[in-house]
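Structure at a glance
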Amino acid sequence: MSALLEVDGLTVGYGAAPVLHDVSLTVQEGQIVAVLGANGAGKTTLLRALSGLLPPSTGRVVFDGADLRGVKVERLVRHGIAHVPEGRGVVTELTVDENLRLGGLWRKPQPPLAPIYELFPRLAERRSHLGHQLSGGERQMLAIGRALAAQPRLLLLDEPSLGLAPRVTGQIMALLRDLRDRTGLAVLLVEQNVRSALSIADQGVVLSLGRIAARDDAAALADDADLRHAYLGF
Amino acid sequence: MTVLKDRVTSRMVAPVMRRRLNPFLMVAVGAVLVVVLTYTLPPFRTYQLATIGAYLCVTAGLTVLTGLNGQLSLGHGALMATGAYTLALWQNKFNLLAVGIVVAILVTTVAGLVIGLAAARLRGPYLAGLTLAVAVVVPSVASTFDETFNSDQGLSVILNPPPESMTVEQWQAWLCWGGALVTTLVLALVTRGRFGRDMRAVRDDETAAKLAGISIARTQVWTFVISAACAGLGGALFAVLAQSVSPGAFPLTLSLFLVMAIVIGGLGRLTGAVIGAFLLVALPAVAHEIGEASGSQRLEGNLALTFFGVVLVVVMLAAPGGLASLRLPRSWRARLSRKPAHRAGS
Amino acid sequence: MDRFLFLTFDGLSRGAVYAAFALALVLIWRATRIVNFAQGAMAVATAYVAYSVADATGSYWVGFAAALVAGLLLGAAVERVVMRFIDHSSPLNGVVVALGLVLIIQGVLGMIYGNEFRPAEAPFSRDAFNIGGVALLSRYDVFVFAAVGAVVVLLTLLFTRTPTGLRMRAAAFAPDVSRLLGVPVGGMLTLGWALAAAVGSLAGMLVIPTELGLHPTAMDVLFISAFTAAVLGGLDSPIGAVVGGLIVGLVLSYISGYLGATVAPMAVLGLLVVVLLGRPDGLFARSKARTA
Ligand SMILES: Nc1ncnc2c1ncn2[C@@H]1O[C@H](COP(=O)(O)OP(=O)(O)OP(=O)(O)O)[C@@H](O)[C@H]1O
Ligand SMILES: [Mg+2]
């Protein structure tokens, strides 16, 4: 079976010096791949490169058989990729409802929001609140809900657990696992919270200084004591 | 957010303003040059030379305000009008030119103080809007007080004939360049000293300047006042050159021309002010010739207007970083853009 | 008392024009953090288009429509060709570029049409008709209210009720995130500039017949009044722009009514100073400082 997302020899940076060197990875349909690594390892950079916010200097990104080079950022959702950026990116001047609608706005007809509100009853209660009135956890739910409203096939998630209580993190992880199992959603999950991420992931990739330091089944990574000490700090 | 970025970029820019020529030497050379020119150029060119001198007073003051202190003023045309009208009223009453020029400077300085006090509390587009309003409204004041300012007709300026040994144009050129050279000398000295350092510190990073014990407001108001005094002198000289003043001589476009002049010449540099003043005379002259040649009256003034506008837009869009980068000598600009990675740390 | 009422209606009518023009300024400020100092000149340019078209067709209304269309096109062109490339590291950059546009537009208009005032006709009588024995409103005032009211209603509907309006707001508030959500941000900015310029054109068409006539600098003073209105309302707030416009219109109407029309320009300046120094955030703004 061919992979849903195939990254091959990706090298990107912000100026002259590259931040990511020759990164390759694959994500299969219905698979959660965790991207782990220390601060500054290049995890966010990887996601930004995948969604076209940073142009790659070399390398290929193929999604569902289509080369993504030259695809504009704003066209990416149409290919079925939704990116929840680091820090969530809730539009604070818009209401919860408007934020959610924005997610599926490009689809014709526009998808109903009821399933999203069902997933996140909390958001349903606050649908007319403005973004800046939400708590951190609510914003994370909103950002994920908004990405799901686009009915993507691949979700790029950048540190969903950032600033959240362990219990809320657990809920989000459970939700992702659930979505994968029910709908076949694929997730590229960037996390600092290694344990939670590996607990739901199928595969894990460890980035170190912009290079892939390890890549294995999630369970194997979690069991590899040396690796854990060297890169993951537990 | 933009302010923060602005600070970062201009801080990188700050240490550049070193390499300077001795201002006394420059002024001496300039004086000799002007004297030589007034004896070699034909009368009309000499008159144009005088006009450049009058413009230089204004552009020099404005480039210090905008380039070194970071305050954009669109109201300097109105300040020129203030100086010009003051001189006209004075001359028509007392006919004592030397004192009249001083009075014109003083009155404009007071006007500058008033605007400067307000301006010190404003930034960016708000400051621009306020000074723009000054530029638009002040000429209309002239038409409000008919008896004093004689409305749209304006006033003629009584002047004694020049000393017998000179032509009118020579005398005008000496007078205007005398003013211009004194202005540039004073500005060069002021901007090198501690006050100049304060001005740049405020422009680059207000918070840091405040922490260093610099009073932001006082520095800004003083700079505005100095700049206004220069504009008052320039305006008075224009009144002498034209031997008349009228609201039509100080439209909004004059203020915009002044901004264009300092942006083209390189912001915050007195040499830039000289280039700008030269262009303010040369470009309309060229446009005039083209207008004559084509036989179309409409072309004349409007060609210069269009040309200035195009130059302003193109320069601003072509310069990476816009105004801030225009403060840098070219070699620095190139070096900075070659090594982006090292920028943040410096 | 009659005079007061008259001045009140007159002020509201002027204020409606300021409101429309201020609204245009606010639309662009929200989307790009640029105060479009060229908006007056752009509006005049489209008024000249209306003049030419009306001259050729003999119909004021064809000219009127042409002005609005020209506004849309000019706004889009200005965004695409110039404003898109402005470096935002200093807020002065946008100001200076806009001023360059003012020079270009005024120069080109002068070359084509000359620098004389041209009479601009009003489509309706400007004589006030009597209501209960008091002359309050002219047909033209009614037209002004209707036109500006329609614009406000249409813009409100656009921004709050349509997907495009939602996209435009999102693109203005959070361009990067919007892009990830599939919003064509560049297109939304172009659309915003086009709409704002068309609204500016409308304001120009409404105000020019009430002033000296058509001239390349005809909108300079109006720009200051509208800028004052926008700042009074808080540059970020469309509602503020409308309210601010009406307030500025009333104040100026009373001042020129009781103190004489010649002080009106100075009154604008005074009002702007008071607003800038007295009401640092504007009436309706969410942001903090006048530093932008
Ligand atoms: N906008 C930028 N310009 C220049 N360099 C950047 C930029 N953003 C990130 N970097 C550099 O790229 C490297 C990788 O950054 P990145 O944000 O991808 O790290 P990360 O793995 O997401 O870290 P974290 O866990 O802290 O979020 C870092 O060394 C960082 O300094
Ligand atoms: Mg990161």
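Residues numbered from 1 in each chain as written. Chains lettered and ligands numbered in written order. Predicted model: local features only at pLDDT ≥ 70, side-chain atom pairs only at ≥ 80, totals over all residues. Heavy atoms only, no water.

1. Section: the site of ligand 1
Residue and element names in this part refer to chain A. Close to ligand 1 lie 13 residues, the nearest being K43, T44, T45, E86 and Q192. G40 is positioned such that a nitrogen or oxygen atom in its backbone is 2.8 Å from an oxygen atom of ligand 1. K43 places a side-chain nitrogen or oxygen 2.8 Å from an oxygen atom of ligand 1. For ligand 1, whose accessible area on its own is 630 Å², the fraction buried by protein is 58%. When residues in the shell around ligand 1 are grouped by element, the largest group, three residues, is from helix 1 (residues 43-50). Looking at side-chain class alone, the shell around ligand 1 contains four nonpolar, six polar and three charged residues. (Near = heavy atom within 4 Å. Polar contact = N/O pair within 3.5 Å; in protein donor to acceptor, adjacent residues only side chain to side chain. Areas by Shrake-Rupley, 256 points an atom, 1.4 Å probe, with all protein chains shown as cover. Helix = DSSP H or I, 4+ residues; strand = E, 2+ residues; numbered from the N terminus. Nonpolar A, V, L, I, M, F, W, Y, C, P; charged D, E, K, R; others polar.)

2. A few points about the nonpolar core
Ranked by size, the top nonpolar core spans 192 residues in total, and within it L102 of chain A together with F37, M83 and L206 of chain C carry the most contacts. Aside from chain neighbours lying at most four places away, what touches M83 of chain C is I34, V78, V97, A98, L101 and W193 of chain C. (Core = buried A, V, L, I, M, F, W, Y, C linked by side-chain atoms within 4.5 Å. Buried < 20%, exposed > 50% of the residue type's maximum accessible area, 1.4 Å probe, protein only. Contact = heavy atoms within 4.5 Å.)

3. Let's talk about the packing of helix 14 (residues 299-318) of chain B against helix 4 (residues 91-113) of chain C
Close contact between helix 14 of chain B and helix 4 of chain C brings their axes to 7 Å; oriented N to C, the two are set at 155°. Classified by the angle between their axes, helix 14 of chain B and helix 4 of chain C sit roughly antiparallel to one another. Crossing hand, helix 14 of chain B versus helix 4 of chain C: left-handed. (Axes fitted to C-alpha atoms, helices over the stretch in contact; angles between N-to-C directions. Parallel < 35°, antiparallel > 145°, perpendicular 65-115°, else oblique. Left-handed = near helix turned anticlockwise from the far one by under 90°.)

4. Quick look at the coordination of the magnesium ion (ligand 2)
Residues and elements named next belong to chain A. Surrounding the magnesium ion (ligand 2) are the protein donor atoms T44 (OG1) and E86 (OE), at 1.9 to 2.5 Å. Here the residue T44 occupies a position in helix 1, and E86 occupies one in the loop between strand 6 (81-84) and helix 3 (96-104), the gap between them amounting to 42 residues. Overall, the relative accessible area of 41% leaves E86 in the partly exposed class. (Donors = N, O, S within 2.8 Å, 3.2 Å for Na, K, Ca; no water.)

5. Section: a positive patch on the surface
A contiguous patch of positive charge, built from K72, R75, R78 and K108 of chain A together with R80 of chain C, is present on the exposed surface. Within the secondary structure, R78 of chain A sits in helix 2 (residues 76-79). (Patch = residues over 30% accessible without salt bridge, like charges linked within 9 Å, V, L, I, M, F, W, Y side chains within 5 Å. Salt bridge = Lys/Arg side-chain N within 4 Å of Asp/Glu carboxyl O. Lys, Arg positive; Asp, Glu negative; His and termini not counted. Charge placed at Lys NZ, Arg CZ, Asp CG, Glu CD.)

6. Notes on the confidence of the model for chain B
Residues and elements named next belong to chain B. Counting all residues, the mean pLDDT for chain B is 85, and 86% of those residues have values of 70 or more. Here helix 1 (residues 2-13) is the element of chain B with the lowest mean pLDDT, 40, and helix 11 (residues 216-242) is the one with the highest, 96. Every residue in residues 1-18 scores below 50 in pLDDT, and together they form 33 contacts with partners more than four places removed in sequence or on other chains. Segment residues 330-346: pLDDT under 50, and ten contacts once partners within four positions in sequence are set aside and those in other chains are kept. (pLDDT = per-residue confidence, 0-100.)

7. Some thoughts on the sheet that holds strand 2 (residues 18-27) of chain A
Hydrogen bonds along the backbone pair up the strands of a sheet, which may run parallel or antiparallel. Residues and elements named next belong to chain A. Taken together, the four strands give an open sheet; going across it, the order is 2-1-4-5, and neighbouring strands pair in antiparallel fashion. Whereas interior strands pair on both sides, the edge strands pair on one side only; in this sheet they are strand 2 and strand 5 (66-67). Direction of pairing for strand 1 (residues 5-13) relative to strand 4 (residues 58-63): antiparallel, over a ladder of five bridges. Across the sheet, residue V7 finds its bridge partner in strand 4, namely V61. Across the sheet, helix 1 touches strand 1, strand 2 and strand 4, and the angle it forms with strand 1 is around 115°. (Pairing = 2+ DSSP bridges.)

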